Amino acid sequence: MSALSRGRRLGVDVGKVRVGVAISDPDGILATPLVTVPRDMGAAPNAVPSDIAELVRLVGEHEAVGIVVGLPVRLNGLEGPAAIDIRAYAGRLAEVVGLPVVMADERMSTVVATRRLAERGVRGKRQRAVVDQAAAVEILQSWLDAQRRQR
């Protein structure tokens, strides 16, 4: 398999209320938290939701070459209604951003992120503010690691 092309990638954890965003370094080694964006569920069907518009802006600002969206797969490996919603979100994002948007299994990313934050003493309201970014880091880092293992 060919090497991962150089360039920053955004990791995205889409929730019902917030969208956590992480970013990688240009060499695809390390994912770091970037921002949490409020989810725009009220956009008209033909309009670009504000959260997707913000992701497009972040892609431009950071010159990202791709986006990795966490896919909520059930523990048994099957996809439920949440996965259908996220696939639709990723499809809409791909239409608007014009870059590769790949899906990555996000099983346990929020659980792992929550545990890691708690281990660092980040709890309660402070934790809720950053857990989506931390989950995005878990999603992107797992994907980057998997790409490196395939080289």
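> Can you help me understand the sheet that holds strand 2 (residues 18-24) in this one?
Read from one edge of the open sheet, five strands run 3-2-1-4-5, paired in mixed fashion. Edge positions in the sheet fall to strand 3 (31-38) and strand 5 (101-105), since each of these pairs with one other strand and no more. Taking the axes of each pair of neighbouring strands and ignoring which way they run, one obtains an average angle of 25 degrees across the sheet. Looking at chain direction, strand 1 (residues 9-14) and strand 2 are connected through five bridges and run antiparallel. For Val-14, the partnering residue across the bridge sits in strand 2 and is Val-19. Running at roughly 145 degrees to strand 3, helix 1 (residues 50-62) makes contact with strand 1, strand 2, strand 3 and strand 4 (66-71) of the sheet. Sheet contacts for helix 2 (residues 81-97): strand 1, strand 2, strand 4 and strand 5; angle to strand 4, the most-contacted strand, approximately 170 degrees.

> Would you mind showing me how to read the pairing of strand 2 here?
Every other side chain in a regular strand lies on the same face of the sheet, so the side chains alternate between the two faces. The element strand 2 is largely enclosed, with a buried count of six among its seven residues. Once strand 1 ends, the chain turns through three residues before running back antiparallel as strand 2. Of the pairings in the sheet, the one linking strand 2 to strand 3 comprises seven bridges and is antiparallel in character. Directly across from Val-19, in strand 3, lies its bridge partner Val-37. A loop of six residues connects strand 2 with strand 3, the two strands running antiparallel in sequence, and Gly-28 in this loop sits at a positive phi of about 70 degrees.

> For this particular structure, what's the right way to read the pairing of strand 1?
Among the six residues of strand 1, six are classified as buried, and the element is accordingly described as predominantly covered. Pairing of strand 1 with strand 4 involves four bridges; the strand directions are parallel. Bridged to Val-12 within strand 4 is Val-69.

> Whenever I open this one, the packing of helix 1 against helix 2 confuses me. Can you help?
Helix-helix packing is described using two parameters, namely the angle between the two axes and the distance between the axes. Where helix 1 contacts helix 2, the two axes come as close as 10 Å, and the packing angle between them is 50 degrees. Comparing the axis directions of helix 1 and helix 2 gives the class oblique. Remark: the crossing between helix 1 and helix 2 carries right-handed chirality. In this structure, helix 1 uses Asp-51, Ile-52, Leu-55, Val-56 and Val-59 to contact helix 2, whose residues at the interface are Tyr-89, Arg-92, Leu-93, Val-96 and Val-97. For the contact of helix 1 with helix 2, a count of residues per class yields eight nonpolar, no polar and two charged.

> Any chance you could explain the pattern of salt bridges here in plain terms?
Think of it this way: side chains of opposite charge can pair up when their charged atoms draw near. Scanning the model with the defined rule gives nine salt bridges in all. Notably, a salt bridge pairs Arg-92 with Glu-95, separated by 3.2 Å at the nearest N-O pair. Taken as a pair, Arg-92 and Glu-95 lie in helix 2 at a separation of three residues, close to a single helical turn. With a relative accessible area of 23%, Arg-92 lands in the partly exposed category. The exposure class assigned to Glu-95 is exposed, which follows from its relative accessible area of 60%. Here the salt bridges do not stand alone but share partners, grouping Arg-39, Asp-51 and Asp-85 into one network.

Procedures and definitions
- Residues numbered from 1 in each chain as written.
- Predicted model: local features only at pLDDT ≥ 70, side-chain atom pairs only at ≥ 80, totals over all residues.
- Heavy atoms only, no water.
- Pairing = 2+ DSSP bridges.
- Helix = DSSP H or I, 4+ residues; strand = E, 2+ residues; numbered from the N terminus.
- Axes fitted to C-alpha atoms, helices over the stretch in contact; angles between N-to-C directions.
- Contact = heavy atoms within 4.5 Å.
- Buried < 20%, exposed > 50% of the residue type's maximum accessible area, 1.4 Å probe, protein only.
- Parallel < 35°, antiparallel > 145°, perpendicular 65-115°, else oblique.
- Left-handed = near helix turned anticlockwise from the far one by under 90°.
- Nonpolar A, V, L, I, M, F, W, Y, C, P; charged D, E, K, R; others polar.
- Salt bridge = Lys/Arg side-chain N within 4 Å of Asp/Glu carboxyl O.

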